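Observations on chain architecture
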Amino acid sequence: MQALLSYVLQGTELTVQAQGDWVLKNLSSAMQKALSAKQKEIIRIIRSRQISAIHLTYSAEKEEKTSWGSLLLSFFCQLMDEAKKRNIDCDSSLLPQQVQDLIRVSYVTPANTKPKNSFNIFHVFGSLVYKIFHQVGVTIDFVGEISLAMIKFFVGKATISAKDVWQEIYNASASSLPIISLVSVLLGLILAFVSAVQLQVLGAEIYVSSLITVSMVRVMSPVLTGIVIAGRIGASYAATIGSMQVNEEVDALKTFGINPVEFLVLPRFLALSLMMPFLTVYSDFMGILGGYAVIYFGWDISFYAFLDNIQTFARLHQIFIGLFHAFVFGIIIALSGCYQGMTSGRDAEAVGRATTMAVVHSIIGIIVSTSILTIILSGFGL
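The structure contained in this document is the topic of the report that follows.

Definitions and limits used
Residues numbered from 1 in each chain as written. Predicted model: local features only at pLDDT ≥ 70, side-chain atom pairs only at ≥ 80, totals over all residues. Heavy atoms only, no water. Pairing = 2+ DSSP bridges. Helix = DSSP H or I, 4+ residues; strand = E, 2+ residues; numbered from the N terminus. Axes fitted to C-alpha atoms, helices over the stretch in contact; angles between N-to-C directions. Buried < 20%, exposed > 50% of the residue type's maximum accessible area, 1.4 Å probe, protein only. Left-handed = near helix turned anticlockwise from the far one by under 90°. Nonpolar A, V, L, I, M, F, W, Y, C, P; charged D, E, K, R; others polar. Salt bridge = Lys/Arg side-chain N within 4 Å of Asp/Glu carboxyl O. Contact = heavy atoms within 4.5 Å. 1 Å grid on protein atoms, 1.4 Å probe; cavity = no way out; pocket = protein on both sides within 12 Å on 5 of 7 lines; lining within 4 Å. Points joined across faces, edges and corners; volume = space filled by probe spheres on them. Phe/Tyr/Trp six-rings, centres within 6.5 Å; stacked < 30°, edge-to-face > 60°.

Ordered in space as β1-β2-β3-β4, the four strands form an open sheet in which the pairing is mixed. The open sheet terminates on both sides in strands that have one partner only, identified here as β1 (4-10) and β4 (89-91). Each strand axis lies, on average, 15° off the axis of its neighbour in the sheet, ignoring direction. Bridge count between strand β2 (residues 13-19) and strand β3 (residues 53-59): seven bridges; the pairing is parallel.

Structural data, given as structure tokens:
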């Protein structure tokens, strides 16, 4: 049956009748032009006449299962838009049920659409609290998974490769020595020069050695090493594991029955937490060496006088305090880097964001934990 379009205007009520096959691919060019002209005529009548109601009808041959398509739907929607603009009642109840359903769907407002300029302080506060508690819960779950992996490691049941552990130990230790050497020596130089200039006024520049040693061993070296390792190793952990998330390698490990926390996180966690104290000892030595170079060439203090002053004022418990700080910093950096990588999104932007957050959270964790440990140790007189 050929596509037809007609209308009947009775008083102020307009009845639009569509008949036949309205499938676009079945219409010739001449038929499409004729239907378009008829549609424009009906739209012109709606715009120019005083219409109170519009009735839409459609009929097709019973044996034709699919006799209408987007062409008919778009025309009826155009009529309904014109009627809505002019507050005209548009009745589509006589159309086939499928046509009514599609028209209804096309006018449905998405459920998550929010009104413009809407602001609810309770909604904002509730969303913020929910995000905080959700983040805390996810973090606790991650720490719990690592704790279980550590228990399985000590009982010899963890899925972990010794080769991966040694590789991560190398990455976290030997490959980091050049940058730690440079930064530690420069920090020792700065501390020695600034303190020597001030102590020279009192004629006590000999005490520069003890000042450098105590400050480097107790706090400065662990913090400095932690910040350097956070930027170099923590960011690497987040980027590596995040890239594996993007490439679905983590999902592949789960498919093969391999726990990704044991296989990916545990080697990095063990390597960094164990190597941080050794890196701190190396940083102590390089910082003291840089300080000695300043007071030797600037104030001509002998090595023996420098060493004797260190032995007089430096205490063994201060070294252990610094090593404990370094151990805690290693745990924080490993947790932050691996956590951001494991929870990273599945695109390149998410990996970059995870890398940045790993460094930021590591540095914040280092500063906060340093403050807490300093207060606690001070309470014990250490």
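That covers the picture; the talk isn't over yet.
Here the focus is the environment of L5. Summarising the element assignment, L5 is placed in strand β1. Under the relative-accessibility criterion, L5 is labelled buried at 9%. A C-alpha to C-alpha distance of 20 Å links L5 and D89, two positions 84 residues apart in sequence.

Another aspect to go through is the packing of helix α7 (residues 208-246) against helix α9 (residues 260-299). The geometry of α7 relative to α9 is characterised by a closest axis approach of 7 Å and an angle of 145° between their N-to-C directions. Crossing handedness for the pair α7 and α9: right-handed. Partitioned by chemical class, the residues of the contact of α7 with α9 number 16 nonpolar, nine polar and two charged.

Overall, the coordinates contain seven salt bridges when judged by the stated rule. Across the pair R86 and E82 runs a salt bridge, and its minimum N-O distance is 2.6 Å. Its relative accessible area of 35% is what places R86 among the partly exposed residues. Linking R353 and E349 is a salt bridge whose minimum nitrogen-to-oxygen distance equals 3.8 Å. Taken together, the positions of R353 and E349, both in helix α12 (residues 348-379) and four residues apart, correspond to about one turn of that helix. The class for R353 is partly exposed, based on a relative accessible area of 45%. Taken together, the shared-partner salt bridges connect R47, E82 and R86 into one network.

Let's shift gears to the side chain of S184. Relative to the assigned elements, S184 resides in helix α6 (residues 177-200). A residue is classified by how much of its surface remains accessible, and S184, at 1% relative accessible area, is buried. Beyond its immediate sequence surroundings of up to four residues, S184 is in contact with M216, L224, S283, M286 and G287.

So, on to empty space enclosed by the protein. Overall, the coordinates contain one cavity of 30 Å³ or more when judged by the stated rule. Computed from the structure, the largest cavity encloses a volume of approximately 30 Å³. Those elements that provide at least two residues to the lining of the largest cavity are α7, α11 (316-342) and α12. The greatest single-element share of the lining of the largest cavity, amounting to three residues, is contributed by α12.

We now examine the packing of aromatic side chains. Aromatic ring pairs are described here by two measures, namely the spacing of the ring centres and the angle between the planes. On inspection of all chains with the given rule, the structure shows two aromatic pairs. A ring pair is formed by F142 and Y339, whose centres lie 5.5 Å apart and whose planes are at 65°; its orientation type is edge-to-face. Here F142 is found in helix α4 (residues 121-154), whereas its partner Y339 is found in helix α11, with 197 residues between them in sequence. In terms of burial, F142 and Y339 fall into one category: buried. Each ring, one from F153 and one from F154, has its centre 5.5 Å from the other, and the planes form 65°; the classification is edge-to-face. On the accessibility criterion, F153 (31% relative accessible area) is partly exposed. F154 sits in the exposed class, given a relative accessible area of 64%.

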